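What follows is each chain in one-letter form.
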Amino acid sequence: SIAEHAWPTWEAHHSLRPSCGQSARSFEIAMPAATVHRRPLGGPLEIMVALPDKVEVPSSFADNFMGTDQDVKELDVPRPETSWCLLELPQKEIDALSAGSTFYFQSHEGGAGLDDGGAALCTDTETFSIEFLENSNSLFLAQVFEGPPASEGTPAPEVVEGGVGEKAENTKDTKPEAADGSCGGAQAEGSGGSEKVSVAGQAEAAGEKTLSMRCEVFGQVRGQMITKPMPFNKKRVYDLLSPQALGIDLKDLPVVTTDVLDYEVAASAAELRALLNEGPYVELEGAWRMLPPSLMRHIMDTAVNVVAAKGWDHQDLDEEALLKEVQQHLGVATVPTLAVLKKVLKSVEPDPQVAAPAAAETEKDSTAAGASETAKDSSTDPKSDTAVDSAEKGTAGDAAVASRPAVEGHLNLDKAKMLRFQALQLLQMPPQQVRERFGMPTPVPQPKRPRHGPGGASGSGGTTLLMEEFGTAFQEITGAAEKPTPEDLWKVLGDQAYLDEFEGSLHSLDPSTLPLDPNARLTRLFALQSHWNQGRLESFVAPVLGKGVKVATWVLKQTRAVFVELVVGKEERFLIKKFAM
């Protein structure tokens with residue numbers, strides 16, 4: 001409340017960042033460096049103090065106070081703008097403001113007027129959605145200050161009558177109020193009516209001298225903004241950089257620099273930098289370029305095949321030698337710099353968070369293996385000991401190599417991720433070509449069924465790659481002794497494909513092309529096919545739901561369940577869209 005906390009001075013004004021030739025709008029809010037000082041708009045800096053409990057303080061309106069709500073006479077015209085607005089933020093964001101950070105209000109789509117896609121509040125590390133809650137009551141903002149007592153020549157401020165915007169003519173029985181009542185004094189109860197209790201009066205009774213307090217109403221608000229953490233619009237970055245794809249001549253196109261992205265994308269600096277670092281984007285000569293998926297797959301496929309053909313150690317690759325070989329196959333224009341090659345290969349590098357635990361485990365296993373070897377009894381079967389020792393050394397060696405950091409000028413690639421990439425490449429190839437490569441026969445056409453989406457094969461055989469065929473091909477690529485289970489295959493596929501449950505066919509899907517809005521994304525998924533497995537549908541929707549939202553509950557509210565008999569005598573549960581969608 002105003003009585004217990006000092007209110008920060010949050011001012012909204014146009015950002016001083018360059019417009020970048022676009023119509024996107026940005027507003028910033030910042031807190032004064034000296035957070036213990038507060039001031040009304042246009043007033044001098046003063047020290048704001050807490051209001052003691054059960055103490056009435058004389059209140060008055062500031063000279064520059066504007067009561068815009070009382071000026072509204074015609075309800076069909078836009079209401080006048082106010083100078084202040086209450087903004088609700090998590091405590092850590094308020095601490096960041098107090099430390100000198102600047103937050104920005106930015107439009108999602110960079111448009112003008114109502115076509116800007118809505119607004120978001122961007123802090124240093126997070127992006128928040130904004131919702132305004134209007135209050136029909138009059139809400140006032142006030143500050144409590146200490147000053148010289150009225151007896152020393154300071155005129156007593158005029159008191160607010162009832163806290164509704166009118167100055168009192170007689171202050172005898174008035175009781176000022178603030179927006180939440182905390183700036184108003186508490187009325188002392190007595191047999192004869194009400195009595196004002198001041199800090200100065202209490203001090204005089206005790207024989208002490210102290211400063212008096214006063215309350216100044218400086219602003220009026222219509223409600224408050226509430227904020228909720230939200231994922232920022234990654235598609236906005238994609239739309240901005242799609243025309244800047246690598247291989248396109250930028251002669252007649254504007255250069256998209258980091259400053260341009262900061263201005264155009266409603267995202268925190270940390271989130272935007274993370275996306276540029278992890279996404280298919282690379283900076284060349286100060287301009288950001290996008291790497292199209294087809295180009296990335298082409299470069300990756302060439303690099304993986306070069307490593308296999310040359311017999312190079314994939315955990316210790318000379319990056320300059322690999323770049324030279326890839327450029328010879330694809331051309332310098334396709335892979336102009338080492339940064340492009342490293343960006344493409346980033347998806348098959350070992351996970352850094354796994355390296356440290358793996359190295360520690362390796363050292364522990366090696367120590368244990370050495371101690372066990374020293375303590376072996378001479379009567380132990382030598383043949384058995386040799387086999388066990390070799391297996392232990394092999395396991396320890398594999399873990400050590402996997403966790404080994406890349407040497408300067410060298411690349412360390414994860415073999416399992418390379419195999420996963422080769423498997424996902426099968427979804428980009430014509431199904432018949434995959435069957436010919438792995439010696440699989442063309443499947444027998446199934447009885448025709450109603451189409452359940454644009455990806456469905458409607459019973460025709462050979463036009464799509466079946467899940468069973470993908471499992472066979474993956475087994476051949478990895479050299480596994482046993483065919484992988486469907487659970488193993490979904491760990492490989494992740495969110496890069498979806499399954500037509502009726503046909504058993506796999507279809508490639510780029511999740512970055514799906515809408516950011518959860519309802520729009522759900523609509524797009526049901527446009528692909530009408531029947532979805534609940535778990536796989538949730539995996540596509542979960543990334544765009546806000547924090548704290550239960551994915552299963554949200555999905556079930558938006559869909560309805562049906563039971564379909566795919567195999568005679570066995571029903572399976574699927575989710576389909578509601579009639580209103």
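How each quantity is defined
- Residues numbered from 1 in each chain as written.
- Predicted model: local features only at pLDDT ≥ 70, side-chain atom pairs only at ≥ 80, totals over all residues.
- Heavy atoms only, no water.
- Helix = DSSP H or I, 4+ residues; strand = E, 2+ residues; numbered from the N terminus.
- Buried < 20%, exposed > 50% of the residue type's maximum accessible area, 1.4 Å probe, protein only.
- Contact = heavy atoms within 4.5 Å.
- Pairing = 2+ DSSP bridges.
- Axes fitted to C-alpha atoms, helices over the stretch in contact; angles between N-to-C directions.
- Core = buried A, V, L, I, M, F, W, Y, C linked by side-chain atoms within 4.5 Å.
- Polar contact = N/O pair within 3.5 Å; in protein donor to acceptor, adjacent residues only side chain to side chain.
- Expected span 1.5 Å × (residues − 1).
- Phe/Tyr/Trp six-rings, centres within 6.5 Å; stacked < 30°, edge-to-face > 60°.
- Salt bridge = Lys/Arg side-chain N within 4 Å of Asp/Glu carboxyl O.
- Patch = residues over 30% accessible without salt bridge, like charges linked within 9 Å, V, L, I, M, F, W, Y side chains within 5 Å.
- Areas by Shrake-Rupley, 256 points an atom, 1.4 Å probe, with all protein chains shown as cover.
- Lys, Arg positive; Asp, Glu negative; His and termini not counted.
- Charge placed at Lys NZ, Arg CZ, Asp CG, Glu CD.
- Parallel < 35°, antiparallel > 145°, perpendicular 65-115°, else oblique.
- Nonpolar A, V, L, I, M, F, W, Y, C, P; charged D, E, K, R; others polar.

A. View of the overall build of the chain. Looking only at helices and strands, the chain has 17 helices and 23 strands in total. Looking at the chain as a whole, 39% of its 581 residues are labelled buried. Long-range contacts, defined here as pairs at least 24 residues apart, represent 66% of the contacts in the chain between residues at least 6 apart.

B. Structural context of the sheet that holds strand E21 (residues 505-508). Taken together, three strands build an open sheet; the order of strands is E19-E21-E20 and the sheet is antiparallel. Since the sheet does not close on itself, it has two edges, and those belong to strand E19 (465-466) and strand E20 (497-500), each with one partner. Each of E20 and E21 is contacted by helix H14 (residues 486-493), which is oriented at about 140° to E20, the strand it contacts most.

C. Local environment of the nonpolar core. Ile299, Leu322, Val326, Val335, Val340, Leu341 and Leu345 are the most contacted members of the largest nonpolar core, which has 27 residues in total. Contributions of two or more residues to this core are made by strand E15 (281-284), helix H6 (293-310), helix H7 (319-330), helix H8 (338-345) and helix H11 (415-425). Dropping the residues within four chain positions of it, Val326 is found in contact with Ile299, Thr302, Ala303, Gly331, Val335 and Leu341. Membership of the second largest hydrophobic core comes to 22 residues, among which are Ala423, Met467, Ile477 and Val492.

D. Highlighting the environment of Thr123. Assignment of secondary structure puts Thr123 in the loop between strand E8 (119-122) and strand E9 (127-147). Put simply, Thr123 and Ala270 are 147 residues apart on the chain and 9.1 Å apart in space, counted from C-alpha to C-alpha. Beyond its immediate chain neighbours, meaning those up to four positions away, Thr123 contacts Glu93, Phe103, Phe128, Ser268 and Ala269. A distance of 3.4 Å separates a polar side-chain atom of Thr123 from the backbone nitrogen of Thr125.

E. Just the pairing of strand E14 (residues 212-229), in detail. In terms of strand pairing, strand E5 (residues 59-61) meets E14 through three bridges, oriented parallel. Bridge pairing in E14 links Ser59 to Cys215.

F. View of unusual backbone geometry. In the Ramachandran plot, Glu285 falls in the positive-phi region, its phi being about 55° despite a non-glycine side chain. Position of Glu285 among the secondary structure elements: in the loop between E15 and strand E16 (287-290). The exposed category is assigned to Glu285, whose relative accessible area is 86%.

G. Broad picture of H6. With 18 residues, H6 ought to run about 26 Å at 1.5 Å a step, and its terminal C-alpha atoms sit 26 Å apart, in line with that. For H6, the full list of buried residues reads Leu295, Ile299, Met300, Thr302, Ala303, Val304, Val306 and Val307. If you follow the buried residues of H6, they end up packed against strand E17 (317-318), H7, H8 and H11. Immediately beyond the C-terminal end of H6, within one or two residues, lies Gly311, with a positive phi of roughly 70°.

H. Spatial organisation of the packing of aromatic side chains. Taken as a whole, this structure holds eight aromatic pairs when the rule is applied. Seen from their ring centres, Phe470 and Phe474 are 6.5 Å apart, and the 15° between their planes marks the pair as stacked. Residue Phe470 and its partner Phe474 are located together in helix H13 (residues 467-478), separated by four residues, close to a single helical turn. Grouping aromatic residues by their ring pairs yields a cluster made of Phe61, Phe65 and Phe140.

I. Spatial organisation of the environment of Leu413. Locating Leu413 in the fold gives a position in the loop between strand E18 (410-411) and H11. Separated by 67 residues in sequence, Leu413 and Lys346 have C-alpha atoms that sit 8.5 Å apart. Look past the residues within four positions of Leu413 in its chain and what remains in contact with it is His314, Gln315, Leu317, Leu345, Val348, Glu349, Pro350 and Met418.

J. Structural context of the pattern of salt bridges. Applying the stated criterion across every chain, the model contains 10 salt bridges. With a shortest N-O distance of 2.4 Å, Arg536 and Glu501 are connected by a salt bridge. Here Arg536 is found in helix H16 (residues 534-541), whereas its partner Glu501 is found in the loop between E20 and E21, with 35 residues between them in sequence. Judged by relative accessible area, Glu501 falls into the buried class, the value being 16%.

K. Structural view of the environment of Ala561. One can find Ala561 in strand E22 (residues 559-567). In this structure Ala561 comes out as partly exposed when scored by relative accessible area, which is 37%. If we ignore the near neighbours within four places in the chain, the residues touching Ala561 are Arg573, Phe574 and Leu575.

L. How the structure looks around the pairing of strand E23 (residues 570-577). Sheet analysis places E22 next to E23, joined by eight bridges and oriented antiparallel. Opposite Val567, over in E23, you have Lys570 as the bridge partner. Remark: two residues form the turn of the hairpin made by E22 and E23, two consecutive strands paired antiparallel; Gly569 in that turn has positive phi of roughly 85°.

M. Quick peek at the side chain of Thr227. For Thr227, the position within the fold is in strand E14. Within the structure, the side chain of Thr227 is placed 2.7 Å from the backbone oxygen of Glu88, a separation counted as a polar contact. With residues up to four places along the chain from it excluded, the contact list for Thr227 reads Leu87, Glu88, Leu89, Pro90, Leu121, Phe128 and Ser129.

N. Up close: a negative patch on the surface. A grouping of Asp313, Asp316, Asp318 and Glu320 is seen on the molecular surface, where their side chains present a negatively charged patch. Looking at Glu320, the relative accessible area reads 48%, which means it is partly exposed.

O. Spatial organisation of the packing of H13 against H14. For the pair H13 and H14, interaxial distance at closest approach is 11 Å and the crossing angle is 80°. Relative to H14, the element H13 is oriented roughly perpendicular. On H14, the residues that touch Met467, Phe470, Gly471 and Phe474 of H13 are Pro486, Leu489, Trp490, Val492 and Leu493. In terms of residue class, the contact of H13 with H14 is made up of eight nonpolar, one polar and no charged.

P. Fine view of the packing of H6 against H8. Contact geometry of H6 with H8 gives a least axis separation of 9 Å together with a crossing angle of 90°. The angle between H6 and H8 places the two elements in the roughly perpendicular class. Contacts from Met296, Ile299, Met300 and Ala303 of H6 reach H8 at Val340, Leu341, Lys343, Val344 and Leu345. Its residues assigned to classes, the contact of H6 with H8 shows eight nonpolar, no polar and one charged.

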